Amino acid sequence: MFFWIVQRDLLLAIRRRSDVLTTLFFFIIVVSLFPLSVGPEMNMLRMMAPGIVWVAALLASMLSLGRLFANDFLDGTLEQMLLSPQSLSILILGKALAHWLVTGVPLVMMAPVLGLQYDLPADALFVLTVSLLLGTPVLSLIGAIGAALTLGLRGGGVLVSLLVLPLYIPVLIFGAGAVEANMAGIEYDAHLSLLGAFLLVSVVFAPWAAAASLKVSME
Amino acid sequence: MAINWYKYASPASFYSLAGKMIPFFAIIAFGLLIAGLYIGFFVAPTDFQQGEAYRIIFIHVPAAWMSMFLYVVMAFWAGIGLAFNTRLSSMMATAIAPTGALFTFLALWTGSLWGKPMWGTWWVWDARLTSELILLFLYIGFMSLQAAIDDPRRADKAGAIIALVGVINIPIIYFSVQWWNTLHQGASVSVTQAPTMASTMLTGMMVMVFASWMYSIAVILKRVRVIILERESHTAWVAELREKGAL
């Protein structure tokens, strides 16, 4: 069931390639806008880079949350999934994994290139990539709760940002913090460990909370 | 004497009970407020370091405490409502949110008024201030989610889930001082250590804390009564009240 869901969602994403590319280009454009707004001063850009890349990743991940359940909800697939004897949490875990593979992984792969635009040293690029690799699945998992709660509501898109962005903040702090710590020459292991802890906790609890939310929304 | 708690879980009987309780808590809140402000402004000595500006703590500390405490209480009632499907508990959660958001805003506002003379800036990106700001976002998220859902029962449940998820934020606020050691001074009052402030200041502050607490109860009961009437407007007992002219 789990792999079936992942496979199905990936197949749907491949058939609708433009959706995936839109998220990725949104990420690239937001990151590229910052030098235009604050000036091309390289020292300042290098300092701001981790934060900018992380905020852009947060926004890109959040923008694509609408697709997580909305299409399945509209064509009735989601209702069938709820009726199936399988655990709803596993189903949501699968959907969140597929969401991450479709939106998170391209961001992670693109981040080092964008980091180069900001003249980040090689070490920092590596830490940035690792922190995004650990952090973006958390964003998909927490986002699943928000997406499930706002399913079918008026203005759901804006509402989901109000609900989800405050919950993203710890990930943002430690994700960007890891890169900043590396650039300041101090140990960044603690930041990555905390990100890993967030990931484990959200893998356990977020599908469960999202399943409860989905049941509320589908009543 | 055993109190039948289940009786007061029904909105109809709680409505009249709340009506009797409101004046009681409101009077206590008013009395404590006068006493606390008197102690704060006239009895408590001027601080040798911070001068008169420290007196903002008589508002600031109670507001900050209440903002966090009310969020936990709100999540508690929301969770009870979700678990046992009791309508009144969810109404309580809905009634608590605006008061909690108000105290969060007050804590941020008075904090920045204090920060200007003390730190020389209205706002610093310190852990405590930031988490208080996040708390305000959580309250607003809870209220806007409930406002966006037309069906009150779905709104209750959806709000309960987001409140319970957000409750993770409360320990982060509390331990943030230890996590990120920054500009904000450590907590001056703690359970394990002797407080580092003069006892009259502490008395004044505690009186104000109780005043805010009683005020919150009175206002929340008032609000929950309105919510009960709104949701039960189609029932017989509300119609009876209307006939008697009690509304």
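Just so you know, these numbers come straight off a predicted model, no measurement behind them.

**Student:** I'm lost on the overall build of chain B in this one. Help?
**Tutor:** Tallying secondary structure elements over chain B gives 9 helices and 0 strands in all. Starting at the N terminus, the α and β elements of chain B follow one another as α-α-α-α-α-α-α-α-α. Counting the 247 residues in chain B, one finds 38% classified as buried. Summarising the internal contacts of chain B: among those between residues at least 6 apart in sequence, 77% fall at separations of at least 24.

**Student:** Explain the overall build of chain A here, please?
**Tutor:** Helix and strand content of chain A: 9 helices and 0 strands. Along chain A, helices and strands appear, N-terminal first, in the series α-α-α-α-α-α-α-α-α. For a compact globule of 219 residues, the expected C-alpha radius of gyration is about 17 Å, and chain A comes in at 18 Å, within 12% of that figure. Projected onto its principal axes, the C-alpha coordinates of chain A cover approximately 55 × 35 × 30 Å. Across the 219 residues of chain A, 47% fall into the buried class. Counting contacts in chain A only where the partners sit at least 6 residues apart, residues at least 24 apart contribute 80% of the total.

**Student:** When you look at the interface of chain B and chain A in this model, what are you seeing that I'm missing?
**Tutor:** Reports of interface size often rely on the accessible area that becomes lost once the parts have come together. Residue-level contacts link 16 residues of chain B with 17 residues of chain A. Take the side of chain B that touches chain A: its biggest share by element is 8 residues, from helix α5 (residues 127-148) of chain B.

**Student:** Help me understand the environment of A:M81, please; the structure alone is not making it clear to me.
**Tutor:** When you line up the elements, A:M81 lands in helix α5 (residues 77-83). The class of A:M81 is partly exposed, set by 19 C-beta atoms lying within 10 Å.

**Student:** How do you make sense of the confidence of the model for chain B when you look at a structure like this?
**Tutor:** Do not read the fine detail of predicted coordinates wherever pLDDT is low. Residue and element names in this part refer to chain B. Per-residue confidence for chain B gives a mean pLDDT of 82, with 85% of residues at or over 70. Confidence scores differ between elements of chain B, with helix α7 (residues 169-179) showing the lowest mean pLDDT of 55 and helix α3 (residues 57-84) the highest of 91. Note on residues 180-186: pLDDT under 50 across the span, and 12 contacts to partners over four residues away in sequence or across chains. What the predictor reports for the complex is a pTM of 0.86 with an ipTM of 0.85.

**Student:** Explain unusual backbone geometry to me, please; I cannot follow it from the model alone.
**Tutor:** Backbone phi values are negative for most residues with the exception of glycine, while trans is the configuration of most peptide bonds. Positive phi, close to 60°, is recorded for A:D119, a residue that is not glycine. Tracing the sequence through the fold places A:D119 in the loop between α6 (88-117) and α7 (122-149). Positive phi outside glycine occurs at B:N85, with the angle close to 60°. Within the secondary structure, B:N85 sits in the loop between α3 and α4 (87-119).

**Student:** Explain the packing of helix α4 (residues 66-74) of chain A against α7(A) to me, please; I cannot follow it from the model alone.
**Tutor:** When two helices pack together, you describe them by how their axes are tilted relative to each other and by the distance separating the axes. Residues and elements named next belong to chain A. In the contact formed by α4 and α7, the axes pass within 8 Å of each other and the chain directions differ by 40°. As the angle between them shows, α4 and α7 are arranged oblique. The two elements α4 and α7 cross, and the hand of that crossing is right-handed. Counting all contacts with α4, which are made through G66, L68 and F69, the residues of α7 involved are G143, A144, A147 and A148.

**Student:** Looking at this structure, how should I read the environment of A:I90?
**Tutor:** Residues and elements named next belong to chain A. Along the chain, I90 falls in helix α6. Sequence separation of I90 and M1 is 89 residues, and the distance between their C-alpha atoms is 8.0 Å. Setting aside chain neighbours within four positions, we find I90 in contact with M1 and F2.

**Student:** Even after reading the chapter, I still don't get the packing of helix α3 (residues 42-63) of chain A against α6(A), so can you show me in this structure?
**Tutor:** Residues and elements named next belong to chain A. Where α3 contacts α6, the two axes come as close as 11 Å, and the packing angle between them is 155°. Put simply, α3 runs roughly antiparallel to α6. Note on packing geometry: the crossing formed by α3 with α6 is right-handed. Across from A49, V53, A57, A60 and S61 in α3, the residues of α6 making contact are T103, G104, L107, A111, L114 and G115. Counted by class, the contact of α3 with α6 contains 7 nonpolar, 4 polar and no charged residues.

**Student:** Sorry if this is basic, but what is going on with the nonpolar core here?
**Tutor:** Generally speaking, a soluble globular protein has its nonpolar side chains buried in company with each other. Judged by nonpolar contacts, the single largest core of 132 residues is most densely connected at A:V53, A:A144 and B:M74. Residues in contact with B:M74, not counting those within four places in the same chain, are B:A93, B:I96, B:A97, B:G100 and B:A163.

**Student:** Even after reading the chapter, I still don't get the environment of B:V167, so can you show me in this structure?
**Tutor:** In this structure, B:V167 sits in the loop between α6 (152-166) and α7. The spacing of B:V167 and B:K116 is 51 residues in sequence and 30 Å in space, taken between C-alpha atoms.

Procedures and definitions
Residues numbered from 1 in each chain as written. Chains lettered and ligands numbered in written order. Predicted model: local features only at pLDDT ≥ 70, side-chain atom pairs only at ≥ 80, totals over all residues. Helix = DSSP H or I, 4+ residues; strand = E, 2+ residues; numbered from the N terminus. Buried ≥ 20, exposed ≤ 12 C-beta atoms within 10 Å, placed from the backbone. Contact = placed C-beta atoms within 7 Å. Rg over C-alpha atoms; globule rule 2.2 N^0.38 Å. pLDDT = per-residue confidence, 0-100. Axes fitted to C-alpha atoms, helices over the stretch in contact; angles between N-to-C directions. Parallel < 35°, antiparallel > 145°, perpendicular 65-115°, else oblique. Left-handed = near helix turned anticlockwise from the far one by under 90°. Nonpolar A, V, L, I, M, F, W, Y, C, P; charged D, E, K, R; others polar. Core = buried A, V, L, I, M, F, W, Y, C linked by C-beta atoms within 7 Å.

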